[in-house]
Amino acid sequence: MKVTSQALALISAILLNTSKAFTSVQKASTTSSLSVANDLFVEMTAETGAAAAAGTANTHSSVTTYYGETLKESADLQTNACCTAARPAPHIAKAISNIHPDVIKKYYGCGFCVPDEVEGCTILDLGCGAGRDVYIASQLVGEKGRVIGVDMTPEQLKVAKETQAYHAAKFGYDNVEFHEGLIEKLDDIPSLKDGSVDIIISNCVINLCPDKESVLKSCHRLLKPGGELYFSDVYASRRVPQELREDEVLWGECLSGALYWNDFQNLAKQCGFKDPRLVEDAPITIENKKVQDKIEEMGHKNLEFYSATYRLFQLDCLEPHCEDYGQAVIYKGTIPRFESGWSLDDHHYMEKGKVFPVCGNTYNMLKETRFEKHFDFVGDWSTHYGIFDGCGTSMPFKSSIDGVSTKGGGGGGCC
């Protein structure tokens, strides 16, 4: 077998990183592969104490500077990872049309991450920036709902707060609040109580956080039972190498902090979200020759990035895999704007009035959440028929097969 010099260099780099990770402390043989993956690639490096704290502080400082000072408006982004290519649904487009131009100009998200059936809900937006998604959600939850925005960038929050009175006059009510803080440290915000939030949204922000585990654990704690984390973000086809993760521009552009998709799913399960559901995805085409050349010159041409929207339900009754109990649901056609059919995720589209076989987890995602009133339920838990057909573990992004986005409105480079 012929081994190229590039391959040898890559192997050497991996061995070097592995050696560094295990030099300071010899781990027991029972250490899981997930914990090793976290240590090496998911921002939980083998550095400890002051070095780790300094690294986290540097990341926060770099991101704050990039989004607060370097970027003045959306057009300043160097890649299309942190942008939205798909055309918004009509009700979202209408909501956006009511938002102040200064807020729109400061938008750096990568998707439309407000789910269906949110009227009257309490929504928390992690990394709200200048408030675009907060003000979209404000209109969707209505006067009886509540929307909370958290961001660590003062320059962004200044825009959000300065336009709050404008939006209150435009909507006819004021149901939003903004807090400065780190989304890894939501405990520092006194008004956020355990089990107080119906839905948590985030738009291309969690990838920017050094401690993603803390974010997910806090989300699980803050959500009410049956609530969900519904968010758009950037994912990688493999673990992002250290040399790319140390590039401040690539990190700020939402690429270097991207999680390997399988590490994300395992981390989500570890934090209590037992069955992450992919809603939609699209390949990211960087569309910046300088950035693309930098990645290729480092020897990572085959590293692929995807934008994806996931929904993670806070339900203790979910199982690690999709099990078959012979159950089914019948959609009533009563979710607004979805009279003919409605999609839970990328492989559960349910037509009105049609019996739709489901696994036990899907059954509970509909039965034990705000969606219950929109379905009739068939079957019970008395007989187990094994694993539900089609429950697999391969890369979930359909767009990785043919490069075609699964998002409404066509393809593009982002969520």
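Details of the structure are given in the entry above.
These lines cover the structure that appears in this document, whether it is placed above or below. Along each chain, residue indices are assigned from 1 in the same order as the chain's sequence is written. With pLDDT at 70 or above as the cut-off, local features in this predicted model cover only qualifying residues; side-chain atom pairs require 80 or more to be listed or tallied, and sums for whole chains, interfaces and linings still use all residues. Each side-chain value is worked out from all heavy atoms of the structure, with water and hydrogens disregarded.

Burial classification: accessible surface area is computed with a 1.4 Å probe over protein chains only, and a residue below 20% of its type maximum counts as buried, one above 50% as exposed, and the rest as partly exposed. Each helix corresponds to a stretch of at least 4 residues labelled H or I by DSSP, and each strand to a stretch of at least 2 residues labelled E; elements are numbered beginning at the N terminus. With seven of eight residues buried, helix α14 (residues 360-367) is to be regarded as a mostly interior element. Taken together, the buried positions of α14 are occupied by Gly360, Asn361, Thr362, Tyr363, Asn364, Met365 and Leu366.

Salt bridges are defined by distance alone: a side-chain nitrogen of Lys or Arg within 4 Å of a carboxyl oxygen of Asp or Glu. Applying the stated criterion across every chain, the model contains 17 salt bridges. Glu117 is the salt-bridge partner of Lys373, the closest N and O atoms lying 3.4 Å from each other. Linking Lys373 in the loop between α14 and β13 (375-378) with Glu117 in the loop between α5 (101-105) and β1 (122-126), this pair joins segments that are 256 residues apart in sequence. Owing to a relative accessible area of 18%, Glu117 belongs among the buried residues under this scheme. Measuring nitrogen to oxygen at the nearest pair gives 2.9 Å for the salt bridge that ties Asp133 to Arg132. Note on Arg132: relative accessible area 7%, which makes it buried. What emerges from the salt-bridge pattern is a single network uniting Asp187, Asp194 and Arg221.

Looking at the secondary structure, you find Asp275 in the loop between α12 (261-270) and β7 (277-283). Owing to a relative accessible area of 10%, Asp275 belongs among the buried residues under this scheme. Of note is the side chain of Asp275, whose polar atom sits 3.0 Å from the side chain of Arg277. Those residues in contact with Asp275 that sit more than four places away from it in its chain are Arg311, Leu318, Glu319, Cys322, Asn361 and Met365. The term polar contact refers here to a pair of N or O atoms within 3.5 Å; inside protein, the definition further demands a hydrogen-donor-capable atom paired with an acceptor-capable atom, and it admits residues adjacent in sequence only when both atoms are side-chain atoms. Contacts are assigned to residue pairs that have any heavy atoms within 4.5 Å of one another.

Describing an aromatic ring pair means giving the distance of the ring centres and the angle of the ring planes. Any two of the Phe, Tyr and Trp rings considered here, Trp counted by its six-membered ring, make a pair once their centres fall within 6.5 Å; the pair's planes then place it as stacked at under 30 degrees, edge-to-face at over 60, or tilted in between. A complete count under the given rule lists 15 aromatic pairs for this structure. When the ring of Tyr260 is compared with that of Trp261, the centres are 5.8 Å apart and the planes differ by 65°; the resulting orientation is edge-to-face. Across this residue pair, the class does not change: Tyr260 and Trp261 are buried. Centre to centre, the rings of Tyr325 and Trp381 are 4.8 Å apart; their planes meet at 65°, and the pair counts as edge-to-face. Separated by 56 residues along the polypeptide, Tyr325 in the loop between β8 (305-313) and β9 (327-331) and Trp381 in the loop between β13 and α15 (399-402) bring together distant segments of the chain. Judged by relative accessible area, which is 15%, Tyr325 ranks as buried. Trp381 gets classed as partly exposed once you look at its relative accessible area, which sits at 40%. Every member of this aromatic cluster is reached through a ring pair, and the members are Tyr325, Tyr331, Trp342, Tyr363, Phe371, Phe375, Phe377 and Trp381.

Looking now at the sheet that holds β13. What the three strands build is an open sheet, ordered β12-β9-β13; its pairing is antiparallel. Edge positions in the open sheet fall to β12 (355-358) and β13, since each of these has one partner strand only. Here the average twist between neighbouring strands, direction ignored, is 30°. Between any two strands, pairing holds if DSSP finds at least two bridges. Alignment of β9 against β13, held across four bridges, turns out to be antiparallel. Following the sheet pairing, Ile330 is matched in β13 by Asp376. Axis definition: a line fitted to C-alpha atoms, over the contacting stretch in the case of helices. Angles run 0 to 180 degrees between N-to-C directions.

A few words now on the environment of Ile136. Along the chain, Ile136 falls in helix α6 (residues 132-141). In this structure the C-alpha to C-alpha distance between Ile136 and Asn98, which are 38 residues apart in sequence, comes to 8.6 Å. Setting aside chain neighbours within four positions, we find Ile136 in contact with Ile92, Ala95, Ile96, Ile99 and Val114.

Counting buried positions along helix α9 (residues 212-222) gives eight out of eleven residues, so the element sits mostly inside the fold. Buried within α9 we find Lys212, Glu213, Val215, Leu216, Ser218, Cys219, His220 and Leu222. Where α9 is buried, its residues meet β1, β4 (197-203), β5 (223-236), β6 (259-260) and α12.

A separate point is the nonpolar core. In these notes, a set of buried Ala, Val, Leu, Ile, Met, Phe, Trp, Tyr and Cys residues joined through side-chain atoms within 4.5 Å is what counts as a nonpolar core. Ranked by internal contacts, the top residues of the largest apolar core, which has 35 residues, are Leu124, Ile200 and Tyr310. Looking at this core, the elements with two or more residues in it are β1, β2 (146-151), β4, α9, β5, β6, α12 and β8. Excluding residues within four positions of it along the chain, Ile200 makes contact with Leu124, Leu126, Cys219, Leu222, Leu223, Glu228, Leu229 and Tyr230. In this structure, Ile99, Tyr135, Ile136 and Val279 belong to the second largest nonpolar core, which totals 29 residues.

This paragraph deals with the packing of helix α4 (residues 90-97) against α6. Taken N-terminus to C-terminus, the directions of α4 and α6 make an angle of 115°; their axes are 9 Å apart at the nearest point. Judged on the interaxial angle alone, α6 and α4 are roughly perpendicular. The hand of the α4/α6 crossing is right-handed. Touching His91, Ile92, Ala95 and Ile96 of α4 are Arg132, Ile136, Gln139 and Leu140, all from α6. Amino acids outside the nonpolar list (Ala, Val, Leu, Ile, Met, Phe, Trp, Tyr, Cys, Pro) and the charged list (Asp, Glu, Lys, Arg) are all regarded as polar, and Gly is one of them. Grouping the constituent residues of the contact of α4 with α6 by class yields five nonpolar, two polar and one charged. Any angle between 65 and 115 degrees counts as roughly perpendicular, while under 35 counts as roughly parallel, over 145 as roughly antiparallel, and the rest as oblique. Note: crossing handedness is left-handed where the near helix turns anticlockwise from the far helix by less than a right angle, and right-handed where it turns clockwise.

So far we have only geometry, and geometry alone does not tell us how the molecule works.
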